[in-house]
Amino acid sequence: MNNKLTVAVMFGGQSSEHDVSCVSGATIMKALDREKYDVILVGITKDGRWLLADSIEDVESGAWRESKIQAIISPDAQDHGLILFENGQSRKQRVDVLFPVLHGMYGEDGTIQGLFEMTKIPYVGCGVLASSVSMDKWYTKIVVDDLNIRQAKYVPISHIDMRNIDGCVAKVEAALSYPVFVKPSKAGSSVGVNKASGREELIAALNEALRHDIHILVEEAIVGREIECAVLGGYEPKASDVGEVLSAEDFYTFDAKYNNQESRTDLHPVFPEGKMEEVRADAVKIFKALDGFGCARVDFFMEKGTNEIVFNEINTMPGFTSISMYPMLWNEKGLDNGALADEMIRLAFERYER
């Protein structure tokens with residue numbers, strides 16, 4: 001009798017973080033214990049095709065994109081799994097749990113989580129509300145404003161506002177001093193984020209951010225240390241210790257994170273007394289306020305000079321690459337990637353059962 005759980009690991013996706021998601025997905029696939037799980041690999045291409053991948057090697061090489069087998073999650077709760085299409089024929093594949101290793105838009109923004117809810121299949125990670133609000137930095141800030149946790153001062157700008165670019169500039173300059181950071185409200189891995197030290201750079205950064213989202217945040221520049229905390233759990237989540245990002249560039253851009261070999265992370269940074277405990281407590285508080293469940297990485301700054309902790313952002317499906325802080329922080333706490341994946345799957349069933 002086969003007592004294994006059938007896990008569908010989903011990777012790729014339609015966001016700018018497609019390639020990172022493939023690497024993260026391969027990490028999870030390797031971590032899953034084949035004595036416990038039958039693993040099905042479902043890749044989503046950048047143009048939105050859902051395909052069955054044959055092996056981890058195909059995921060790592062990119063050959064999965066040439067798969068001839070379409071693999072679609074059925075929204076019909078009676079199917080409880082995938083519908084596979086090959087050579088004009090279809091068949092159903094039952095799935096016990098969905099493991100979406102998907103970053104950015106259409107992966108951790110609540111859209112695919114809504115589909116998962118319809119299927120009645122347990123799934124790893126945060127639910128619809130936490131995913132959608134956490135993905136949108138604008139709305140995250142609105143929630144965190146009520147938590148008595150400091151965050152960077154900000155000016156929200158919409159695509160409608162951008163019809164009057166001079167008005168946008170005046171609004172920013174009235175509230176903030178240069179330099180400022182300009183961010184698309186919904187974008188991961190610092191995609192579309194730019195630093196502006198004057199009016200011309202601000203206008204260019206606003207236009208660049210508008211290419212990625214209809215909502216934009218302009219934030220005060222916080223000078224200090226970039227630190228991150230991993231949260232894991234359900235109704236009583238726990239926080240890891242705190243790691244520090246040592247960026248090789250002015251700030252932790254997508255290129256600095258994934259392409260610059262000089263960027264690195266410190267899993268044992270030294271902080272002033274009480275600051276690690278403050279970060280850990282704030283991370284859990286933010287996670288719970290956003291209705292988090294399962295996992296998230298919560299990012300902060302420690303301001304230079306004051307050592308004040310300043311909330312930056314939260315990621316509800318953090319990276320699982322070899323340089324990703326989230327798994328490394330839990331590895332340091334004694335959870336290897338296999339045990340971490342086990343716990344994330346267990347939490348998926350805990351939420352489903354309640």
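None of the values given here were measured: they were computed from a predicted structure.

Trainee: So what exactly am I meant to see when it comes to the side chain of H215 here?
Mentor: You can see H215 is positioned in strand β11 (residues 215-220). Discounting residues that sit within four places of it in the chain, H215 has contacts with D136, W138, I157, S158, K183, P184 and S185.

Trainee: Got a minute to help me understand the side chain of S240 in this structure?
Mentor: Mapped onto the secondary structure, S240 falls in strand β13 (residues 238-246). Given a relative accessible area of 0%, S240 falls into the buried group.

Trainee: Would you take a moment to explain the nonpolar core for this structure?
Mentor: If you look at soluble globular proteins, the nonpolar side chains tend to sit buried side by side. Core analysis: the biggest nonpolar cluster contains 39 residues, and V9, F99 and I345 have the highest contact counts within it. The biggest single contributor to this core is helix α11 (residues 337-353), with seven residues. Apart from the residues within four sequence positions on either side, I345 is in contact with L5, V7, L32, Y37, V97, F99 and V124. Counting 25 residues, the second largest nonpolar core, distinct from the first, contains V231, V279, F287 and F311.

Trainee: What is the right way to read the sheet that holds strand β14 (residues 264-266) from this model?
Mentor: On the basis of which strands lie adjacent, the open sheet formed by five strands has the order β14-β13-β12-β15-β16 and antiparallel pairing. This sheet does not close on itself; its edge strands, each paired only once, are β14 and β16 (309-315). Ignoring which end each strand starts from, the neighbouring axes of this sheet average 30° apart. Across six bridges, strand β12 (residues 224-233) lies against β13 in antiparallel orientation.

Definitions and limits used
Per-chain numbering applies: the sequence of each chain, read as written, is numbered from 1 onward. Since the coordinates come from a predicted model, pLDDT governs what is reported: local features require at least 70, and pairs of side-chain atoms require 80 or more to be given and counted, while whole-chain, interface and lining totals use all residues. With hydrogens and water stripped out, all remaining heavy atoms of the structure feed into the side-chain values. The helix count covers DSSP runs of H or I at least four residues long, the strand count covers runs of E at least two residues long, and both are numbered beginning at the N terminus. Whether two residues are in contact is decided by their heavy atoms: any pair within 4.5 Å suffices. Relative accessibility decides the category of a residue: with a 1.4 Å probe and only protein chains considered, values under 20% of the type maximum give buried, values over 50% give exposed, and everything between is partly exposed. We call a set of buried Ala, Val, Leu, Ile, Met, Phe, Trp, Tyr and Cys residues a nonpolar core when their side-chain atoms join them within 4.5 Å. Strand pairing follows a simple DSSP-based rule, namely that at least 2 bridges must link the two strands. Every angle, taken between N-to-C directions, lies between 0 and 180 degrees, and every axis is a line fitted to C-alpha atoms, over only the stretch in contact when it is a helix.

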